[in-house]
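# Reading the structure
These are the residues of each chain, in order.
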Amino acid sequence: MLKELRPAFVVLIALTAFTGLAYPLAMTGAAQVLFPRQANGSLITRDGAVIGSALIGQNFASERYFHGRPSATTGADPADATKTVPAPYNAANSMGSNLGPTNPALADRVKADLETLRAENPRDPVPVDLVTTSGSGLDPHISPQAALFQVPRVAKARGVNEGVVRRLVEENMEDRTLGLLGEPRVNVLALNLALDKARPQ
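Residues numbered from 1 in each chain as written. Predicted model: local features only at pLDDT ≥ 70, side-chain atom pairs only at ≥ 80, totals over all residues. Heavy atoms only, no water.

The name given to the protein in an unreviewed UniProt entry is Potassium-transporting ATPase KdpC subunit, with the source organism recorded as Xanthobacter autotrophicus. Annotation of the protein in UniProt includes, under Subcellular location (unreviewed entry), the sentence "Cell membrane". Quoted straight from UniProt, the Subunit (unreviewed entry) entry for the protein says "The system is composed of three essential subunits: KdpA, KdpB and KdpC." (UniProt positions renumbered as here; feature names shortened; annotations may be inferred.)

## Let's talk about the pattern of salt bridges
Tallying each qualifying case throughout the model produces 12 salt bridges. Note that glutamate 120 and arginine 153 form a salt bridge whose closest N and O atoms lie 3.0 Å from each other. With glutamate 120 in helix α3 (residues 104-120) and arginine 153 in helix α4 (residues 144-158), this pair connects stretches of sequence that are 33 residues apart. One salt bridge connects arginine 158 with aspartate 196, and the closest N-O pair in it is separated by 2.9 Å. Separated by 38 residues along the polypeptide, arginine 158 in helix α4 and aspartate 196 in helix α6 (residues 188-198) bring together distant segments of the chain. For the pair arginine 158 and aspartate 196, a shared accessibility class is recorded, and that class is buried. (Salt bridge = Lys/Arg side-chain N within 4 Å of Asp/Glu carboxyl O. Helix = DSSP H or I, 4+ residues; strand = E, 2+ residues; numbered from the N terminus. Buried < 20%, exposed > 50% of the residue type's maximum accessible area, 1.4 Å probe, protein only.)

Structure below.
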């Protein structure tokens, strides 16, 4: 019996050592050498302090900043751990809302968002990504149209010319990856940092 079991144990130990130790360590080491910034979370620092990641959206509520897509992520209710409360861009709980298109809660939320956005900028159509959540709830990007739509609000809140803010949006637009993957986009955190740098508080 031991004779039959020994090959199985040897294969188990060898595969565990290779797939559980050697391969992950090799990939981690290669990532640290070839792509250290990305391997460590694409962190963004200002004045030596980490303020966010280029990969995770943040909740900007002030009128003086560009806003990202709505986020449906939730977190534990501080008052009752058995319940959850909305926690936008909660990276520990990546998720969509799971609400179907006929769900009244989703329809009411989108309608309220549309009314707010139309009041902000009545002259342009509201881009769809400003009223819809992403599948992860953590999307750090918005479309160029969504960024340009917010220019009048941001410029008014900061007391600057719209052309100055529009130029910042255009300078922070990212093209398709390798010229063909994905869509043109704007990283909201990077744009807001550029806005602060151009117009310090």
